[in-house]
Amino acid sequence: MINSPAPSYLDELNEIQRNAVTTLEGPVMVIAGPGSGKTRVLTYRIAHLIKSGVAPWQILALTFTNKAAREMKDRIEKVVGSSANRVWAGTFHSLFARILRVEAHHIGYPNDFTIYDTDDTKSVVKEIIKSMGLNSKEYSVGAIRSRISSAKSNLITPKMYGYNEELLAQDKMARLPMLHKIYEKYVDKCKQAGAMDFDDLLLQMFKLLHKVPEIRTKYQNQFQYLMVDEFQDTNYLQYETIKLMVNYEGSNQNICIVGDDAQSIYSFRGATIENILQFSRDFPRVQTFKLEQNYRSTPFIIEAANKVIKHNKNQIQKKIWTDRPDGNKIKVIKAITDTDEGRRVADTIIEQKNRYNLSNQEFAILYRTNSQSRIFEEHLRKQNLKYRIYGGLSFYQRKEIKDLIAYFRLVVNAKDNEGFKRIINFPKRGIGKTTVDKLIQIADDNGVSLWTCITSIDFTGRSKKQLTSFVSLMKALRQKVQETNAYEAACFIAKKSGILDLYKNDPSIDSKNRLDNINALLDGIQEFVEDDEIAEGEEFSTDKSLARYLQNISLMTDRDTEDGEEVDVITLMSVHAAKGLEYKSVFVVGLEENLFPSYMSMSDPEKVDEERRLFYVAITRAEEYLTLSFANQRYQYGNSRMNSPSRFVEEIPHENFEAVITLTQKDHLSKPKILGNFKKAIGQGKLSYIDPSNFNPSPSHKIKEGMKVMHLKFGRGLVKKIDERMVASIYFEDLVDNAEKRIMLQYAKLEILED
DNA sequence: CGCAGGCACCACGTG
DNA sequence: GGTGCCTGCG
């Protein structure tokens, strides 16, 4: 190992990339333009650390999306094998949540804390406004939530807020003088419910490290090497937390940040480019690498991107370039209405598929707001083009799913007031609004949770019976959860709560869909329980409890749930969601003033600059073909509005454009020909077929190293190693990617083929 | 207390 | 175009 030649992956890098990868000690800053091989540098750097003898679990790699984290781990695994699983790679939120699951008791939270999602948060704020007798028209939940979030992101506690003249004056101006009081109550309520919102996952992590020296030392010692992706998207709180981990006496400050100020698009949630500029001041020993060569796009696209971003002030000097030969010019579609735009985009996709022999998965339609997706969806469906929409209402946001999960939450954490309110009278059990309001009032007055309230107060009158039976239902559910695994418990809850019956007994289509969704959720839980593979990035754990399951899903978005079957689909998503991705052919649509740039940004030059960076991100997703489109007229909020073309289109030199296509009457009449689907055979991932009924798993204690085995899901494999925790490393011959899996023998379904 | 229908309000992006 | 809140009636 030690005498082996220089690792071959280093040959895949250009000189600057290689230097960034091999500079392991001390602070490192990588400024990476779009398409410059940033992910490659990040992953190879981690691989290089491991090859240089650093233990995988000593590496902390923070990203902003689950997708980015997963991709990173997949790629590290290709270089260093399955030990990549032990790298702490994930989003800030998910990794901090994981640590807090172990340490939260140090700062006064239960380790089984609930994570409040945006809806829960809104509901808490709403309740506070009501209880304070404030006018809900003046105190809008959205505005308050964002002020609270921003206070947390800037490490301003409710107490500090109350003393901060500037903030108080701002609130007065905004006619929200009681905001600091609401903030204070909000924090109390969450704490009391044993709940953390998304900001708390960061804030409480900071507090944990800040206030508990032995915990701080523990993690400072563990994480010898830190990497932060998309550093331009970090907020003050995140940066302070990172510094807390890296800065201590005797620290080597092994931190590597990767970012691009031109792609900073999250200032709305407190991200600040200032962090990149500040980094060099905070870490004067920093070594900086600038990746400017673009490997993704053709020259016309790159030139357009450079020209557009030049309109922004305040940026780190850099210019991306490519040595790729000339490609296609940028196509512009001028449509009359939003409907025309949808139709023309669908037509153009068909045309490109035929002319360039492209498959669906090589296309993406990117828009500024999720609400624009519907029109494209309709037209793609009309043309029989397969697509998938990301964002919007996710599986976990559906009512029936949220209801069932609310039961899970309340069973696991009795203090979870938001879960409580959701299900106290669902399905209907005769506990009406009056009773619930009374409960909330009493709980609030006494500073206890609703559950404590309901169990410790002797109720009188009509509701008494119903409340008593609800309490005994919950106790029965809790009992079951203690005794059994997540799947059995979940089925029990779905049944005993009456949710299953409710939808089963209603013949409507709507109920059938909801029932299907609930069954899909239960299937997912069964999978979680039966899964014998150690999930990527997860610590070794045989915990199959409902509590554990909840932890797994509370930070998931629908982008993380694999649809499985359909791979060859056109992608529809917001530009924000597209960051970090690339497609052969990209359509950036709705390029009109007031839409992109958004009407909310128009009054503030800095906000328009952010919109421009967003546009920069959008067009640099394209590898070969870029199409920009806009409509003269568009339906917004139910009425038709006229908008002029986006200034961003004008900022691209017109010689980069194909002749502009205008919609004519003739175009309306002509129907494009639909040719057959150019579906490319996807040879990967084909597994040998196993008939489950003929499959006889062998007892797990008989599995030994060196055996050839059959796995129901992965096919034939060779047991390479079994460690002391009874985790087997098995190489599956049918798998193309990540063929070596770590399997928990305790749960394994393996049949011995040869000793 | 439950239900149906009307209506206001909201759609910018993510974990 | 969807959702969730309010109101009035049974």
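Reading the values: rules and limits
Residues numbered from 1 in each chain as written. Chains lettered and ligands numbered in written order. Predicted model: local features only at pLDDT ≥ 70, side-chain atom pairs only at ≥ 80, totals over all residues. Heavy atoms only, no water. Helix = DSSP H or I, 4+ residues; strand = E, 2+ residues; numbered from the N terminus. Buried < 20%, exposed > 50% of the residue type's maximum accessible area, 1.4 Å probe, protein only. Contact = heavy atoms within 4.5 Å. Areas by Shrake-Rupley, 256 points an atom, 1.4 Å probe, with all protein chains shown as cover. 1 Å grid on protein atoms, 1.4 Å probe; cavity = no way out; pocket = protein on both sides within 12 Å on 5 of 7 lines; lining within 4 Å. Points joined across faces, edges and corners; volume = space filled by probe spheres on them. Nonpolar A, V, L, I, M, F, W, Y, C, P; charged D, E, K, R; others polar. Axes fitted to C-alpha atoms, helices over the stretch in contact; angles between N-to-C directions. Parallel < 35°, antiparallel > 145°, perpendicular 65-115°, else oblique. Left-handed = near helix turned anticlockwise from the far one by under 90°. Phe/Tyr/Trp six-rings, centres within 6.5 Å; stacked < 30°, edge-to-face > 60°. Lys NZ or Arg CZ within 6 Å of the ring centre and 35° of its normal. Salt bridge = Lys/Arg side-chain N within 4 Å of Asp/Glu carboxyl O. pLDDT = per-residue confidence, 0-100. Core = buried A, V, L, I, M, F, W, Y, C linked by side-chain atoms within 4.5 Å. Expected span 1.5 Å × (residues − 1). Pairing = 2+ DSSP bridges. Right-handed = clockwise from strand over helix to strand, strands pointing away.

Let us now look at the overall build of chain A. From N to C terminus, chain A includes 29 helices and 21 strands. Per-residue burial for chain A yields a buried fraction of 53% across its 755 residues. Within chain A, contacts between residues separated by at least 24 positions form 76% of all contacts whose residues are at least 6 apart in sequence. Surface accessibility of chain A: about 35,000 Å² in total, with carbon and sulfur atoms responsible for 50%.

Applying the stated criterion to the full structure yields one cavity of 30 Å³ or more. Its boundaries defined by the atoms lining it, the largest cavity holds a volume of some 40 Å³. In this structure, the largest cavity is lined by Ala262, Asn306, Ile309, Gln315, Lys318 and Tyr616. The residue inventory of the lining of the largest cavity, partitioned by class, reads three nonpolar, two polar and one charged.

Turning next to the packing of helix α2 (residues 38-51) against helix α3 (residues 66-80). Viewed as axis vectors pointing N to C, α2 and α3 meet at an angle of 45°, and their least axial separation amounts to 9 Å. Overall, the two elements α2 and α3 adopt an arrangement that is oblique. In this structure, α2 crosses over α3, and the sense of that crossing is right-handed. Contacts from Thr39, Arg40, Leu42, Thr43, Tyr44, Ile46, Ala47, Ile50 and Lys51 of α2 reach α3 at Glu71, Met72, Arg75, Ile76, Val79 and Val80. Grouping the constituent residues of the contact of α2 with α3 by class yields nine nonpolar, two polar and four charged.

Time to look at the packing of aromatic side chains. The tally for this structure, following the rule as stated, stands at 18 aromatic pairs. Where Tyr239 meets Phe279, the ring centres are 6.5 Å apart and the plane angle is 35°; that geometry is what we call tilted. Of this pair, Tyr239 sits in helix α12 (residues 236-246) while Phe279 sits in helix α13 (residues 274-282), and the two are 40 residues apart along the sequence. The class of Phe279 is buried, set by a relative accessible area of 0%. Following the ring pairs from residue to residue traces out a cluster consisting of Phe231, Tyr239, Phe279 and Phe283. One Lys or Arg, Lys399, reaches over the ring of Phe426 and ends 3.9 Å from the middle of that ring. The ring of Trp451 carries the charged tip of Arg478 above its face, separated from the ring centre by 4.4 Å.

Right, let's talk about the pattern of salt bridges for a bit. Across all of its chains, the model carries 40 salt bridges by this definition. The residue Asp233 makes a salt bridge to Lys579 at a minimum N-O spacing of 2.4 Å. Residue Asp233 is found in the loop between β6 (225-228) and α12, and its partner Lys579 is found in the loop between α26 (575-578) and β13 (583-588); the two are separated by 346 residues along the sequence. Comparing Asp233 with Lys579, the two get one shared label, buried. Note that Glu351 and Arg355 form a salt bridge whose closest N and O atoms lie 2.7 Å from each other. Of this pair, Glu351 and Arg355 both sit in helix α15 (residues 338-356), four residues apart, which is roughly one turn of that helix.

Another point: the layout of surface pockets. Counted as a void, the second largest pocket has a volume near 340 Å³. Looking at the second largest pocket, it is lined by 13 residues, and the ones nearest its centre are Lys126, Glu127, Lys130, Ser131 and Ile440. When contributions to the lining of the second largest pocket are tallied by element, the ones reaching two or more residues are α5 (118-131) and α19 (433-446). With six residues, α5 is the single largest residue contributor to the lining of the second largest pocket. Counted by class, the lining of the second largest pocket contains one nonpolar, three polar and nine charged residues.

In this section: the packing of α12 against α13. Here α12 crosses α13 at 25°, and the two axes come no closer than 11 Å. Viewed along their axes, α12 and α13 adopt a mutual orientation that is roughly parallel. Our pair here, α12 against α13, has a crossing hand that is right-handed. Contacts between α12 and α13 involve Tyr236, Tyr239 and Lys243 from the first element and Asn275, Gln278, Phe279 and Asp282 from the second. For the contact of α12 with α13, the residue count by class is three nonpolar, two polar and two charged.

What follows is about the confidence of the model for chain A. Per-residue pLDDT for chain A averages 84, and the proportion of residues at 70 or more is 90%. Across residues 663-691, where pLDDT falls below 50, the model places 47 contacts with residues more than four positions away in sequence or in other chains.

Residues Phe408, Phe420, Ile454, Phe470, Ile493 and Leu521 are the most contacted members of the largest nonpolar core, which totals 50 residues. Per-element tally for this core: the top contributor is helix α17 (residues 399-412), with eight residues. What Leu521 contacts, discounting residues up to four positions off in sequence, is Phe395, Tyr396, Ile401, Leu404, Ile405, Phe408 and Tyr549. Counting residues in each nonpolar core, the second largest holds 47 residues, with Ile31, Val212, Leu237 and Ile242 among its members.

To continue, consider the environment of Phe714. Examined against the element boundaries, Phe714 turns out to sit in the loop between β17 (708-711) and β18 (715-722). Along the backbone, Phe714 and Asp458 are 256 residues apart, and their C-alpha atoms lie at a distance of 57 Å.

Moving on to helix α24 (residues 509-530). Relative to the 32 Å expected for 22 residues at 1.5 Å per residue, α24 spans 31 Å between its end C-alpha atoms, a close match to the ideal helical length. The inward-facing, buried residues of α24 abut α17, α22 (486-496), α23 (499-504) and α25 (546-553).

Taken together, the five strands give an open sheet; going across it, the order is β20-β19-β18-β17-β21, and neighbouring strands pair in antiparallel fashion. Taken across any chain shown, the strands that pair with only one partner, and hence form the sheet edges, are β20 (740-744) and β21 (750-754). Across the sheet, the mean angle from the axis of one strand to that of its neighbour is 40°, orientation sign disregarded. The pairing of β18 with strand β19 (residues 727-732) spans five bridges and is antiparallel. If you follow Val719 over to β19, its bridge partner there is Ile730.

The subject of this paragraph is the pairing of β6. Residues of β6 alternate between two faces, with Tyr225 and Met227 on one and Leu226 and Val228 on the opposite face, all of them buried. For β6 and strand β7 (residues 255-259), the ladder comprises three bridges, and the chain directions are parallel. Counted as the bridge partner of Val228 is Ile257 from β7. In terms of handedness, the path from β6 via α12 over to β7 forms a crossover that is right-handed.

Attention shifts here to the sheet that holds β6. Here six strands make up an open sheet; going across it, the order is β3-β2-β6-β7-β1-β8 and the pairing parallel. For this open sheet the edge positions go to β3 (88-91) and β8 (287-291), each flanked by a neighbour on one side alone. Averaged over all adjacent pairs, the angle separating strand axes in this sheet is 15°, with direction ignored. Relative to β3, helix α4 (residues 92-103) is tilted by about 120°, and along the sheet it contacts β2 (59-63), β3 and β6.

Before going further, it helps to examine the side chain of His379. Among the structural elements, His379 can be located in helix α16 (residues 373-382). The exposure class assigned to His379 is buried, which follows from its relative accessible area of 4%. Discounting chain neighbours no more than four positions away, the residues touching His379 are Thr339, Gly342, Arg343 and Ala346.

The peptide bond linking Phe426 to Pro427 adopts the cis configuration, its omega dihedral lying at -10°. Position of Pro427 among the secondary structure elements: in the loop between α18 (417-423) and α19. Between Phe596 and Pro597 the backbone carries a cis peptide bond, its omega angle lying at 15°. Position of Pro597 among the secondary structure elements: in the loop between β13 and α27 (605-619).

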